[in-house]
Each structure stands twice: as C-alpha cells, then as structure tokens.
Amino acid sequence: MAYKARDIIEYIVAVVSEFASKYNLTDKQAYRYISFHKGISFLEENYGVIHTLDFDEAVDSVVMFCRRAGGEL
C-alpha cells in the first residue's frame, strides 16, 4: 500500500517530538540522535506497521533500533 509522504513526515515529526519529551531533549537534539543512528530510515521503511502502534511503543521501537545501531539512550 502506498502512503502519502505528508502522512509519513507528520508521523516522524510526532515520534521525534515524543522521543524528545521522553529523554528531556530538544526536538533538534532528538532528530539528530535518531537520524544519526538511522532511526528516521527505520520509521520510513516500517511506517506501514509502526504507525499502527501507540506513540509509546513507536518511541520504544526507535530506541531499540538506535541502540542496535550504537545509540546509548
């Protein structure tokens, strides 16, 4: 199924914001961390499934993915 780019982007922005809140970071810091550890690509590639989760589960999924890529949060 094809998803609209705008929907994917809005979802990524929301997940980054939730991530920032959870770890007391600015949105910019959270984006840089997630992007550096390939979490943005993870969200884009898995949008079809991950957007069906609640934000807490989505953030936890990004955290686990980033940890596997060397992240330490």
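The rules we used
- Residues numbered from 1 in each chain as written.
- Predicted model: local features only at pLDDT ≥ 70, side-chain atom pairs only at ≥ 80, totals over all residues.
- Heavy atoms only, no water.
- Helix = DSSP H or I, 4+ residues; strand = E, 2+ residues; numbered from the N terminus.
- Expected span 1.5 Å × (residues − 1).
- Buried < 20%, exposed > 50% of the residue type's maximum accessible area, 1.4 Å probe, protein only.
- Contact = heavy atoms within 4.5 Å.
- Core = buried A, V, L, I, M, F, W, Y, C linked by side-chain atoms within 4.5 Å.
- Axes fitted to C-alpha atoms, helices over the stretch in contact; angles between N-to-C directions.
- Parallel < 35°, antiparallel > 145°, perpendicular 65-115°, else oblique.
- Nonpolar A, V, L, I, M, F, W, Y, C, P; charged D, E, K, R; others polar.

Quick look at helix α1 (residues 5-22)
At step 1: The terminal C-alpha atoms of α1 lie 26 Å apart, and with 18 residues this matches the ideal 26 Å at 1.5 Å per residue to within 8%.
At step 2: Buried residues of α1: Ile8, Tyr11, Ile12, Val15, Val16, Phe19 and Ala20, and no others.
At step 3: Buried positions along α1 lie against α2 (27-36), α3 (39-45), α4 (47-50) and α5 (55-68).
At step 4: Following α1 by one or two positions, asparagine 24 has its phi on the positive side, about 50°.

Things to note about the nonpolar core
Side chains of nonpolar character tend, in soluble globular proteins, to be buried together.
At step 1: Tyr11, Val15, Phe19, Ile34, Leu43 and Val62 are the most contacted members of the largest nonpolar core, which has 20 residues in total.
At step 2: Going through the elements one at a time, α1, α2, α3, α4 and α5 are the ones with two or more residues in this core.
At step 3: Once residues lying within four places of it in the same chain are set aside, the contact partners of leucine 43 are Tyr11, Ile12, Val15, Ile50 and Val62.

So, the environment of aspartate 7
At step 1: By the element assignment, aspartate 7 lies in helix α1.
At step 2: Taking C-alpha positions, aspartate 7 is 9.5 Å from tyrosine 47, a pair spaced 40 residues apart along the chain.

Notes on the packing of α1 against α2
At step 1: At a closest axis distance of 8 Å, the pairing of α1 and α2 adopts a crossing angle of 110°. Between α1 and α2, the angle falls in the class roughly perpendicular. Of the residues in α2, those touching α1 at Val16, Ser17, Phe19 and Ala20 are Asp27, Ala30, Tyr31, Tyr33 and Ile34.
At step 2: Tallied by class, the residues present in the contact of α1 with α2 amount to seven nonpolar, one polar and one charged.

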